[in-house]
Structures are given as structure tokens and as C-alpha cells.
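Results of the structural survey
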Amino acid sequence: MMAGSDSHRVVVTGVGVVSPIGIGQDAFWQNLIAGRSGIDLLTAFPSGGLPSKLAAEVRDFDPVEHIYHRKFLKVMSRDIQLGVASASMAMADAALPRGAIDPERLGVEFGAGHMSATPEELADAAKHLQQTADGVSFEGWAEDGLGEIAPLWLLKQLPNMPACHVAIEHDARGPNNTITSCESSALLALAEGMRAIERGAADAMIVGACSSYIHPLEIARLNLYENLSRGDDPRYACRPFDLNRDGTVAGEGAASFVLERYDHAIRRGAPIYCEILGVGAGCDGSDPANRASGLGLARSIDAALKRSNLTPRDLGHINAHGKGTRRDDVAEASAYYRSLGTIAESIPVTALKSYFGHFDAGAGAVELAGSLLAMRHGQLPMTLNYRTPDPLCRLNIVHDEPMKMSNGIALSVNRTRMGQSAAAVIRAV
């Protein structure tokens, strides 16, 4: 994963985004640079009994407008629909219609999160469970309940299905893989897609990630264990690195990218967003102290810089994980200091979850899209709701207004709740 000869260089030629601040990269970028948040009161289902009533929802999304094989919609969860739509947008942006590239040389690497079934899908089957003195009897379930479940029901919940459907949409017969590593999935998929091209297994790869927390079971689960913002004003809900932050916000979304060998892209006259210089990964391990200090993220950044042949001083900006919780933001800032040293205080940092919240695998992909578009337009979006610096997070947070970019090298990072981390270094071309 190191920059080298043209035959081994990997570039991004297409970007597709489905997010709470816009469907399609134009709408996404315009709202991002204008500082318009996608966080509001949850509307998908009643939230009266929930501790946190805020969410970042993708509104006005009609999968029929974006998905070619519409007969498959009945076996696509919302997560999958968002992901497949973003992949089709990326392929269109890269000017790669179906058949424009050898199907055997086109592959898919996709990140996916947890996909829950809706309670209604199992309600009829659950009626056959019987309460007895010894507990729940499954006799009725086995005899009659299973027949109430649709034969293809499970296909909506399998995390490998986004990669499967994307491959079917674009007749991609090359390497196909799924990454399920929560928030770090998108960057890890980026690394795998890069490797496939570098080892000569593909000329182009569709890479991305998708997920949705806008689901009754997911929202209930998050309210039980996640630090969600309990504020009443959606405008100030998600405040990464701010002293007064009170938690993150549940969201949904997806983004996809077309990766190509540099010489392949040049030969067909493709537009190029950036070159991927290096991707690194790491984990905190079992020691709670490592988790508190973000050791895994620091190791990821070290590895990405080493593979890119760069130093911290070469970085133009950091696209932060910026979850907006007290614990996670401090651990992330600590990782920057551990890896980059005191220069971490001067590198511009933007935290895009302040616009569209936190949503597992897909959030990292949407954030990466933000950096790619920032480099294309020469402007770095500001972090929303950053008012009071946290002395435990001494970072150069871009706030109040977008910043003109003078350096086209970016570090994008993501980290899971359990410390699995990934970092990517990209350079504008």
C-alpha cells in the first residue's frame, strides 16, 4: 500500500454519497460547505419514550430512482439500499457504465454494519411461542411458527449482501469481500480494494460502506449502551471535541468510491479525485489504558504514514472520527499526540459527524467522501457546534467558517468502540 510506479498507484475516480445532508455528491457538498446540519428530531417512528429523541435521517430517498435491479428491492434492507445507490452514483461519476470495463477485472469491497429485522417481520411467527411453567415452549414455533417467516427474510440482514448486490448491479466478477468492523469498516475496505489492484487481481474496485441506525431495535440498543446526546435543540446536538459535548447522534448513510490503477484511469481519460498513498490498521488490545489513550489509532496512523513515505509535517488536514462523546474524543486526541507529536496542535481538523451523526460502517465512508470533495474544491468544511475548546483535546479544529486549503494531503481516521482502528493517507492529484 505504498506509492510507487504508475502500475501500482491507486487512485479514486468516482464518488457517490447518500447522506442526511444530501443525496448525491453535489447536494452533499453544498450543504457541507454551507454548514447545514442533517440532525433533527427523529421522525421515522415515535420517540416519546426514548431518552434521546434526535437523529440524522436520509430524507426523500427513493431506491427506485437509483437501483437498476428493482426486483431485488424486496430483499434489501434500508442499509443495503443506501449502499447500492451510492455505488451506482460512484460508477456514474467515474463514467463507467455497465460493460465499460472487463467484468473479470472489476471487483467489490464493502463495509457493512449490524442489520436488524423489524419486529413486524417476526410478529406472526412469535405468536406461536407458548409460555409454560418451565419457560417458553418452542414446540408451536417449530410446527407452525417457522411457516410464518418469509423464505428470503434473512437476506435483508446478512452483512455480505451489500457487496453481493453491488456486484450484481454492475456485473463485477472480480474479487468480492465484506468488512464488518463497525466504524473502521470503510477504511479497511479501502485498504482491501487497494491491495486487490496492487496485486494485479483487478483494474478497478468499487469500495464503500453502508449502515443505518434509524430502526426501532437499533435506536433502542443505542439508547441502552451508547452515549447519545440528550439535548432538545438539534442544531447543537453533536459537538465533537467541544468541552460541553454530551454525546453522539444516531444516523444513517452510505458512500462508495471507484478505485483504479493510475495508468488505467489515465488511459481512459478518467477524472481523478486523489491518490491513496497508504492505509494502516491497529487495535487497542485488552488493556483499558490502551483504549483510553487510543493506542490502536496511533498505531494505525503510524502505519499509514510509513507506507506513504510521509511525516506528520506533510499533512494538510485531518478528517477526524469525532464521535462527540467525552471518552472517544479524548482517546482520539491522545492518539494524535502519540503518533504525530506536538504538531497535532497545528494540523487543521474537521469532524463531519457534527453534520450527520454516527452510524457504524457507513459514517466512515461518508466522512471520507467529505475529504475527497474538499480536496477537489479546495475548501475544508468547518466542524459544527465547536464553541469551547476542551483542554484534553488540544486540536486545531476548523470552526465558524470553511478554511481554504493549501495542502492537498489528508489523513482520514476511524475507530470503533472496542478500539479497532484504521487510518488512510490520501493526496489530491
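Right, let's walk through the structure included here. Only a predicted model underlies this, so the values are computations on that prediction, with no experimental measurement involved.

Of regular secondary structure, the protein possesses 13 helices and 18 strands. For a compact globule of 429 residues, the expected C-alpha radius of gyration is about 22 Å, and the protein comes in at 21 Å, within 12% of that figure. Dimensions of the protein, computed from C-alpha atoms along their principal axes, come out at roughly 70 × 55 × 40 Å. A separation threshold of at least 6 residues defines the contact pool for the protein, and within that pool the share at least 24 residues apart is 78%. The distance from the centre of the 40 positive side-chain charges to the centre of the 49 negative ones in the protein is 5 Å.

Okay, the state of the cysteines next. With the rule as written, the count across this model stands at 0 disulfides. For the unlinked cysteine C210, the closest cysteine sulfur is that of C164, found at 12 Å.

On to a negative patch on the surface. Where like charges cluster on the molecular surface, the negative patch consists of E139, E143, D144 and E148. On the basis of relative accessibility, which here comes to 57%, the residue E143 falls in the exposed class.

Counting 63 residues, the largest nonpolar core has V12, F28, L190, F257, L259 and I276 as its most contacted members. Here this core takes 10 residues from helix α13 (residues 360–377), the largest share from any one element. Leaving out residues up to four positions away in the same chain, V12 has contacts with F257, V258, L259, P271, I272, Y273, C274, I276 and L372. Counting residues in hydrophobic clusters, the runner-up holds 32 residues, among them L82, V84, A90 and M91.

Moving on to the pairing of strand β9 (residues 204–212). Most of β9 sits out of view: 9 of its 9 residues are buried. With burial as the criterion, each face of β9 is covered, one bearing A204, I206, G208, C210 and S212 and the other bearing M205, V207, A209 and S211. Where strand β5 (residues 106–112) and β9 come together, 7 bridges link them in parallel fashion. Bridge pairing in β9 links E109 to V207. When β9 meets strand β10 (residues 252–261), the two strands line up antiparallel, connected through 9 bridges. The partner of M205 across the bridge, within β10, is L259.

Tracing the chain through its elements places V249 in the loop between α7 (216–225) and β10. Judged by its relative accessible area of 2%, V249 is buried. With 21 residues separating them along the chain, V249 and L228 place their C-alpha atoms 5.6 Å apart. The contacts of V249, once residues within four sequence positions are left out, are I39, L54, A55, A56, S229, A237, C238, G357 and H358.

To continue, consider a nonpolar patch on the surface. Together, L129, V136 and F138 make up a nonpolar patch on the protein surface, roughly 270 Å² of accessible area in all. Here L129 is to be found in the loop between α3 (119–126) and β6 (130–132). Since its relative accessible area comes to 32%, L129 is described here as partly exposed.

What follows concerns the packing of aromatic side chains. A complete count under the given rule lists 2 aromatic pairs for this structure. Ring geometry for F28 versus F356: centroids 6.4 Å apart, planes at 35°, classification tilted. Placement of the pair is F28 in helix α1 (residues 25–34) and F356 in helix α12 (residues 353–356), with a sequence separation of 328 residues. One cation-aromatic arrangement involves R9 over Y262; the distance from NZ or CZ to the ring centre is 4.1 Å. The ring of Y273 carries R376 above its face, with NZ or CZ at 3.7 Å from the centroid.

Turning next to the pairing of strand β18 (residues 420–428). Bridge count for strand β11 (residues 274–283) against β18 is 9 bridges, and the pairing is antiparallel. Following the sheet pairing, G278 is matched in β18 by V425. Pairing geometry for strand β17 (residues 409–415) and β18, over 7 bridges, is antiparallel. Bridged to N414 within β18 is A422. The hairpin turn running from β17 into β18, its antiparallel successor, is 4 residues long, and G419 in that turn takes a positive phi close to 100°.

This part takes up the pattern of salt bridges. With the rule as written, the count across this model stands at 27 salt bridges. The partner of R261 in a salt bridge is D263, and the shortest N-O contact between them spans 2.9 Å. The residue R415 makes a salt bridge to D328 at a minimum N-O spacing of 3.5 Å. Residue R415 is located in strand β17, and its partner D328 is located in helix α11 (residues 326–340); the two are separated by 87 residues in the primary sequence. R415 gets classed as buried once you look at its relative accessible area, which sits at 4%. Salt bridges here are not isolated pairs; linked through shared partners, they connect E226, D284, K323, R327, D328, R415 and R417.

This next bit is on the packing of helix α6 (residues 185–198) against α13. At a closest axis distance of 6 Å, the pairing of α6 and α13 adopts a crossing angle of 70°. By the criterion of interaxial angle, the relationship of α6 to α13 is roughly perpendicular. On α13, the residues that touch S185, A186, L187 and L190 of α6 are A361, G364, A365 and L368. Of the residues that constitute the contact of α6 with α13, the class distribution is 6 nonpolar, 2 polar and no charged.

The rules we used
- Residues numbered from 1 in each chain as written.
- Predicted model: local features only at pLDDT ≥ 70, side-chain atom pairs only at ≥ 80, totals over all residues.
- Heavy atoms only, no water.
- Helix = DSSP H or I, 4+ residues; strand = E, 2+ residues; numbered from the N terminus.
- Rg over C-alpha atoms; globule rule 2.2 N^0.38 Å.
- Contact = heavy atoms within 4.5 Å.
- Lys, Arg positive; Asp, Glu negative; His and termini not counted.
- Charge placed at Lys NZ, Arg CZ, Asp CG, Glu CD.
- Disulfide = S-S within 2.5 Å.
- Patch = residues over 30% accessible without salt bridge, like charges linked within 9 Å, V, L, I, M, F, W, Y side chains within 5 Å.
- Areas by Shrake-Rupley, 256 points an atom, 1.4 Å probe, with all protein chains shown as cover.
- Salt bridge = Lys/Arg side-chain N within 4 Å of Asp/Glu carboxyl O.
- Buried < 20%, exposed > 50% of the residue type's maximum accessible area, 1.4 Å probe, protein only.
- Core = buried A, V, L, I, M, F, W, Y, C linked by side-chain atoms within 4.5 Å.
- Pairing = 2+ DSSP bridges.
- Phe/Tyr/Trp six-rings, centres within 6.5 Å; stacked < 30°, edge-to-face > 60°.
- Lys NZ or Arg CZ within 6 Å of the ring centre and 35° of its normal.
- Axes fitted to C-alpha atoms, helices over the stretch in contact; angles between N-to-C directions.
- Parallel < 35°, antiparallel > 145°, perpendicular 65-115°, else oblique.
- Nonpolar A, V, L, I, M, F, W, Y, C, P; charged D, E, K, R; others polar.

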